[in-house]
Amino acid sequence: MRYSSSLPVAPARRRGGVTRRRSFGRACPGALALIVLLAGFGPASALAQVEYIDPMGGFTQVVTTTDRGVKTIHVSGQVGQGETLQEHAESALEGVAQRLAQAGATPEDVVKIRVFVKDFTPDQYPIVAAARSAVFPEGHWPASTMVGVDELFIDTLRVEIEATAVVAEPGVDLEIERFAPSNGFSGAVAVTAHGVRTVYVAGQVGTGDGLAAQTASVWGRVGERLVEAGASFADVVKATTYIVDFDPDTDLVAYRDGRVEALSLTDMPASTLLGVPALAADRFLIEIDAVAVVGVDGQEIERNFIDPATGFSQAVAARGSGPATVRISGQVGNPGDSLESQADQVYAGLRQRLESAGGSPEDLLKVVIYLPEYSLGDFEAVDAARKAHGFPDAAVPAATLLGIQSLYARGVLLEVEGIAVVD
């Protein structure tokens, strides 16, 4: 989250210094200092190096994790400003570029973005797409998802964009392949390093009459993108589903019917399901993006499907020869409880999933916070729950906060998904 309207952001600059295993930023009077702490006693090459750049109180603008010279960069949702949608989109993307520069990267290094537009209508898609194409050069188009949302952090904001980028130190092998380019984005991007290929599938849409038919069609297209990138459904570790005007009473059944038609998996990926007001065209009822992890050159991938539920796993940890990356499904509380009570349950769930994966709260690097019925001030309740469950102020993850139309059930006021790296 950038939140420049309420938390002024300093001009882009490199805030780093020496990184050992984990470098933690903490707010100090008059400045934000980057504090370097050591954790663990093994060889540096065997440990994930994590850096927190520009902590803002409750979230960090950029969090990076480095494994043997390959750095993955998580940029919090950046927001724009201006009089028009075009100006909001362009300035949000400028914010992304500034944050990338702080981490030693450029837009050419971006492998995945998600674009969230308040009051989005399909006729606005070309405006945002043009701004995207102006930033990401041809041949370096990221996987991309663009959806409408109900609210951003404050009412005047219109566009929020989060990004994932990957860079390598000189002499370290890193391959980034981009597939199915179209209109300024890639249908999938594959990142290969140290025998592990991570595939980012852009938001896919489908055809058919009704949600069940479109769900099966969309999963089919996700499968096509995976095959192009050298992966399969069995390699998927996380999927996010966006359904227009989602009605839990009828649409959840239709979505599950379509998924059953398309997928036949013993182990299901981590998952988040969101109700949104609009997608890129009126005919689209559903959009799905995904992440897969597959071994190459003889490298085996150890997968841990944590706490399987109906049609998904609460978390999936995938490990090659280095640290495990843990993707946590959207965690929720009891429908009908207060926001404070649900936030308490959500962060208890996040901690439980991390510990089940062999990690701890300090390993959480990125979260996305979804709030139906969002109003200014809700973040304080969420952040209080984070602190109450032992998630440290010295290692606050990158974050994106969205006022979403609905979640999987009526009365659910909060859902939080996350990414962690566990040594």
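Residues numbered from 1 in each chain as written. Predicted model: local features only at pLDDT ≥ 70, side-chain atom pairs only at ≥ 80, totals over all residues. Heavy atoms only, no water.

S.K.: Where do I start with the pairing of strand β17 (residues 324-332) in this structure?
M.R.: Every other side chain in a regular strand lies on the same face of the sheet, so the side chains alternate between the two faces. Taking burial as the measure, the nine residues of β17 include seven buried ones, the bulk of the element. Hairpin geometry of strand β16 (residues 312-319) and β17 is characterised by an intervening segment of four residues between the two adjacent antiparallel strands. Of the pairings in the sheet, the one linking β17 to strand β20 (residues 415-422) comprises seven bridges and is antiparallel in character. Bridged to A324 within β20 is V422. (Buried < 20%, exposed > 50% of the residue type's maximum accessible area, 1.4 Å probe, protein only. Helix = DSSP H or I, 4+ residues; strand = E, 2+ residues; numbered from the N terminus. Pairing = 2+ DSSP bridges.)

S.K.: What's the story with the packing of helix α5 (residues 339-356) against helix α6 (residues 378-388) in this structure? I'm lost.
M.R.: Between α5 and α6, the shortest axis-to-axis distance is 8 Å and the interhelical angle comes to 40 degrees. Classified by the angle their axes make, α5 and α6 are oblique. Taken as a pair, α5 and α6 cross one another with a handedness that is right-handed. Taken together, the residues of α6 that come into contact with α5 (itself represented by L339, E340, A343, D344 and Y347) are D378, A381, V382, A385 and R386. For the contact of α5 with α6, a count of residues per class yields six nonpolar, no polar and four charged. (Axes fitted to C-alpha atoms, helices over the stretch in contact; angles between N-to-C directions. Parallel < 35°, antiparallel > 145°, perpendicular 65-115°, else oblique. Left-handed = near helix turned anticlockwise from the far one by under 90°. Contact = heavy atoms within 4.5 Å. Nonpolar A, V, L, I, M, F, W, Y, C, P; charged D, E, K, R; others polar.)

S.K.: What am I meant to see in the side chain of E162 here?
M.R.: Its location among the elements puts E162 in strand β8 (residues 159-168). Among the polar contacts listed, one links the side chain of E162 to the side chain of R114, at a separation of 2.7 Å. Not counting chain neighbours up to four residues away, the residues in contact with E162 comprise V75, S76, G77, K112, I113, R114, F116, K366, V368 and T400. (Polar contact = N/O pair within 3.5 Å; in protein donor to acceptor, adjacent residues only side chain to side chain.)

S.K.: Please explain the packing of helix α3 (residues 211-228) against helix α4 (residues 251-262) as it appears in this structure.
M.R.: Between α3 and α4, the least distance of the axes is 7 Å, while the angle of their chain directions is 40 degrees. The angle between α3 and α4 falls in the class oblique. Helix-helix and strand crossings are classified by hand; for α3 and α4 the assignment is right-handed. Where α3 abuts α4, its residues L211, A212, T215, A216 and W219 lie against D251, A254, Y255, D257, G258, R259, E261 and A262. Of the residues in the contact of α3 with α4, the class split is seven nonpolar, two polar and four charged.

S.K.: Could you clarify how one ought to interpret the pattern of salt bridges in this entry?
M.R.: Under the counting rule described, the total for this entry stands at 20 salt bridges. With a shortest N-O distance of 2.8 Å, D67 and R68 are connected by a salt bridge. Under the relative-accessibility criterion, R68 is labelled partly exposed at 29%. In this structure, the salt-bridge partner of E417 is R114, at a minimum N-O distance of 3.5 Å. (Salt bridge = Lys/Arg side-chain N within 4 Å of Asp/Glu carboxyl O.)

Without other data, these values stay purely geometric and don't point to any function.
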